[in-house]
Amino acid sequence: EAKKAGETPSLANEIQQLTNALADYRPRVTDDPLGWGLEAMYDQFISGRPRTRTLAAIHPRALHPSHLSLPFRLYGAMIGAKIAGEAVAPPGKVDELIKLSLKHEKDATERGYEEHSSINRVMLAMCMLCPGALGKRPTDPTIVI
């Protein structure tokens, strides 16, 4: 809307356009480990947690050791699984991957160099130490779709 002198501009038109564009939106899920983990984390903020069943169904693909070829992507899935809990993946699966990941990082250190080593270690530490910090708090809003 056009701004009148001394008034705060309105976003009403933009909000209406987005409302119309998202009218039939349904949350989707990917088995890409980084995307899967992000979707698992985000699902807690959506009313009814609509992705939970699909996330659980494809967790074996997202939480697979083969993703250690680009570790931070797997670590993103592990963080999402820790936050979303057993509704999307068995806790033992993440614990198993943490053990493999620690060995992977140790081996990478002994080799002397690995691409993305800083982000790999930060994300693994996040998974191990404080994934609950990313959990939904009672005061956080819930998105209704």
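Parameters and conventions
Chains are numbered independently. Their residues run from 1 in the order of the written sequence. For this predicted model, a pLDDT threshold of at least 70 governs which residues receive local features, and a threshold of 80 or more governs which side-chain atom pairs are given and counted, while totals over whole chains, interfaces and linings are taken from all residues. Calculation of side-chain values draws on the structure's entire complement of heavy atoms; hydrogens and water are dropped beforehand. Residue exposure (1.4 Å probe, protein chains only): buried if accessible area is under 20% of the type maximum, exposed if over 50%, otherwise partly exposed. Only DSSP runs of H or I covering at least 4 residues are called helices, and only runs of E covering at least 2 are called strands; the numbering of each starts at the N terminus. Taken from the helix axis, the directions to the C-beta atoms give the arc we talk about. In this analysis, two residues are considered to be in contact whenever any of their non-hydrogen atoms come within 4.5 Å of each other. Here the term patch refers to residues with relative accessible area over 30% and no salt bridge, with like charges joined within 9 Å and nonpolar side chains (Val, Leu, Ile, Met, Phe, Trp, Tyr) within 5 Å. Note on areas: these come from Shrake-Rupley sampling with a 1.4 Å probe, and a residue is covered only by the protein chains present in the view. Salt bridge, as applied in this entry: a Lys or Arg side-chain nitrogen positioned within 4 Å of an Asp or Glu carboxyl oxygen.

J.: Got a minute to help me understand helix α3 (residues 52-62) in this structure?
T.: Because an α-helix packs 3.6 residues into every turn, residues spaced three or four apart end up facing the same way. Where α3 is concerned, the buried positions are T52, L55, I58, H59 and A62. One face of α3 carries all of its buried residues, which in axial projection span an arc of 160 degrees. Every exposed residue of α3 that faces more than 90 degrees away from the buried side is listed here: R53 and A57. Next to the buried residues of α3 lie α2 (33-43) and α4 (71-84).

J.: Sorry, what's going on with a nonpolar patch on the surface here?
T.: Among the surface-exposed residues, L102, M128 and L129 lie close enough to one another that they form a single nonpolar patch of about 310 Å² accessible area. Tracing the backbone shows M128 in helix α6 (residues 117-129). We classify M128 as partly exposed; its relative accessible area is 38%.

J.: Looking at this structure, how should I read the pattern of salt bridges?
T.: Once their charged atoms are close, side chains differing in charge can pair, the charge on each being opposite to the other. Applying the stated criterion across every chain yields a total of seven salt bridges. Salt-bridge contacts for K93 lead to E96; the nearest nitrogen and oxygen are separated by 3.9 Å. Taken together, the residues K93 and E96, both in helix α5 (residues 91-111) and three residues apart, mark about one turn of the helix. Classification of E96 as partly exposed rests on a relative accessible area of 40%.

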